[in-house]
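For reference, the chains in residue letters:
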Amino acid sequence: MFLPRRVFLATTAGALLAPGLAGVAHAADAALAERSLGKPDAHVTVQEFFSLTCIHCAAFTHDVFPEIKEKLINTGRIRWVFRDFPLDKLALSAAQVARALPPERYDPFIEALLATQMRWAFARDVNNLDEMFKMAALAGLSRPQFDAALADKKVADAILADIDDASKKYGIDATPSFVANGQKKAGELDYPSFVKWMEELGA
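Keep in mind that this is a model prediction, so the values were computed, not measured.

Visitor: Help me out: how do you make sense of empty space enclosed by the protein in this one?
Guide: One water molecule sets the probe size; rolling that probe over the atoms shows where empty space is left. By the definition in use, this model includes one cavity of 30 Å³ or more. Estimates place the volume of the largest cavity at around 60 Å³. Taken together, Glu48, Phe50, Phe60, Thr61, Phe65, Trp80, Phe82, Asp107, Ile110, Glu111 and Leu114 make up the full set of residues lining the largest cavity. With four residues, helix 6 (residues 103–115) is the single largest residue contributor to the lining of the largest cavity. Along the lines of polarity and charge, the residues of the lining of the largest cavity split into seven nonpolar, one polar and three charged.

Visitor: How should the packing of helix 5 (residues 89–99) against helix 9 (residues 143–150) be read in this particular structure?
Guide: Between two packed helices, the angle of one axis relative to the other and the distance separating the axes together describe the packing. Two elements in contact, helix 5 and helix 9, have axes separated by 8 Å at closest approach and are oriented at 125 degrees. Here helix 5 lies oblique to helix 9, going by the angle between them. As helix 5 runs across helix 9, the sense of the crossing is right-handed. Contacts between helix 5 and helix 9 pair Ser93, Gln96 and Val97 from the former with Phe146, Ala149 and Leu150 from the latter. For the contact of helix 5 with helix 9, a count of residues per class yields four nonpolar, two polar and no charged.

Visitor: It is not clear to me how the sheet that holds strand 2 (residues 44–50) should be interpreted in this structure. Could you clarify?
Guide: The strands making up a sheet associate through hydrogen bonds between their backbones, and the pairing can be parallel or antiparallel. Strand order in this open sheet of five strands is 1-3-2-4-5, and the pairing throughout is mixed. What marks the edges here is a single partner per strand, and that holds for strand 1 (35–37) and strand 5 (183–186). Taken pair by pair, the neighbouring strands of this sheet meet at an average axis angle of 20 degrees, ignoring direction. Strand direction decides the pairing type here: strand 1 and strand 3 (residues 78–84), joined by three bridges, are antiparallel. Considered in strand 3, the bridge of serine 36 is made with valine 81. Together, strand 1 and strand 3 form the strand contacts of helix 4 (residues 65–73), whose direction differs from that of strand 3 by roughly 140 degrees.

Visitor: Explain the packing of helix 5 against helix 6 to me, please; I cannot follow it from the model alone.
Guide: Relative to each other, helix 5 and helix 6 sit at 150 degrees, their axes nearing to 9 Å. Classed by the angle they form, the pair helix 5 and helix 6 counts as roughly antiparallel. The way helix 5 lies across helix 6 gives a crossing that is right-handed. Every residue of helix 6 that contacts helix 5 at Ala94, Val97, Ala98 and Arg99 is listed here: Tyr106, Phe109, Ile110 and Leu113. Tallied by class, residues from the contact of helix 5 with helix 6 come to seven nonpolar, no polar and one charged.

Visitor: Would you mind going over unusual backbone geometry with me for this structure?
Guide: When glycine is set aside, most residues are seen to have a negative phi, and most peptide bonds are trans. Backbone torsion omega between threonine 175 and proline 176 reads -5 degrees, so that peptide bond is classified as cis. If you trace the backbone, proline 176 turns up in the loop between helix 10 (153–170) and strand 4 (177–180). In this structure, aspartate 125 takes a positive phi of about 60 degrees despite not being glycine. Of note, aspartate 125 is situated in the loop between helix 7 (117–120) and helix 8 (128–138). One non-glycine residue with positive phi stands out, namely asparagine 181, at about 50 degrees. Of note, asparagine 181 is situated in the loop between strand 4 and strand 5.

Visitor: Sorry, what's going on with helix 4 here?
Guide: Residues spaced three or four apart along an α-helix point in a common direction, a consequence of the helix completing one turn every 3.6 residues. Along helix 4, the residues classified as buried are Phe65, Ile68, Leu72 and Ile73. Each buried residue of helix 4 lies within a common arc of 75 degrees when the element is viewed along its axis, so the set occupies one face. Packed against the buried residues of helix 4 are strand 1, helix 3 (55–63), strand 3, helix 6 and helix 11 (191–200).

Procedures and definitions
- Residue positions are counted from 1 within each chain, in the order its sequence is given.
- Residue-level local features of this predicted model are given only where pLDDT is at least 70; pairs of side-chain atoms are given and counted only at 80 or more, and the full residue set underlies all totals for whole chains, interfaces and linings.
- Think of the side-chain values as coming from all heavy atoms in the structure, minus any hydrogens and water.
- Each cavity reported here is a set of points on a 1 Å grid over the protein atoms alone in which a 1.4 Å probe fits but cannot get out, each pocket an open set with protein on both sides within 12 Å along at least five of seven lines, and each lining residue one with an atom within 4 Å of a point.
- Grid points are joined across faces, edges and corners, and a volume is the space filled by probe spheres set on the points.
- A run of H or I in DSSP counts as a helix once it spans at least four residues, and a run of E counts as a strand once it spans at least two, with each numbered from the N terminus.
- Under the convention adopted here, Pro, Cys and the residues Ala, Val, Leu, Ile, Met, Phe, Trp and Tyr are nonpolar, Asp, Glu, Lys and Arg are charged, and Gly plus all remaining residues are polar.
- In this description, a line fitted to the C-alpha atoms serves as the axis of each element, helices being fitted only across the stretch in contact, and the angle between N-to-C directions of two axes falls anywhere from 0 to 180 degrees.
- In what follows, roughly perpendicular refers to angles from 65 to 115 degrees, roughly parallel to angles under 35, roughly antiparallel to angles over 145, and oblique to any angle outside these ranges.
- A clockwise turn of the near helix away from the far one marks a right-handed crossing, whereas an anticlockwise turn of less than a right angle marks a left-handed crossing.
- The contact criterion used throughout is that any non-hydrogen atoms of two residues lie within 4.5 Å.
- Two strands are counted as paired when DSSP detects at least two bridges linking them.
- Only protein chains enter the area calculation, which uses a 1.4 Å probe; residues under 20% of their type maximum are buried, those over 50% are exposed, and those in between are partly exposed.
- Throughout, the arc means that of the directions going from the helix axis to the C-beta atoms.

This is the structure in structure tokens:
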């Protein structure tokens, strides 16, 4: 799914951190700590750039990621790093809520959100945030914690700054996109294609 990045960033430009402050925010706030799976010393580190309102990200997570996790991450061949790349304001809100959870609940929660997009993101005649809260409550967030996560401007600013950094550094303009050892792949890769790429990189 291609992101109208200029449009999204233009509407949120006032929320972006000033240049040079993104690293300070990341260091200062545990919510912005890296979310990852796998051994730190794995030969290949894969960064996944995803949006919680991207149907292609949902399909990849449902159809391909379980096999990647079982055969490549859990076996120590690769390390997986989650990179927020929200396509819209609702996805940004969902990313903020996900980061309010303890790290061990992060991956299960985003998998649940991606699996239930039709319930909280795309359903008609519903309050999207109320539906999102139902998912967050199952993950252990109270309503005050949920509302605080949505209101956390520091987290929102840092995520938006990371979008801009990823676009400039790696040319990310679609989700899902993957970067490993400086190489970028965009689109909903199937497992054979993904594992072939990893083998080429020495995983």
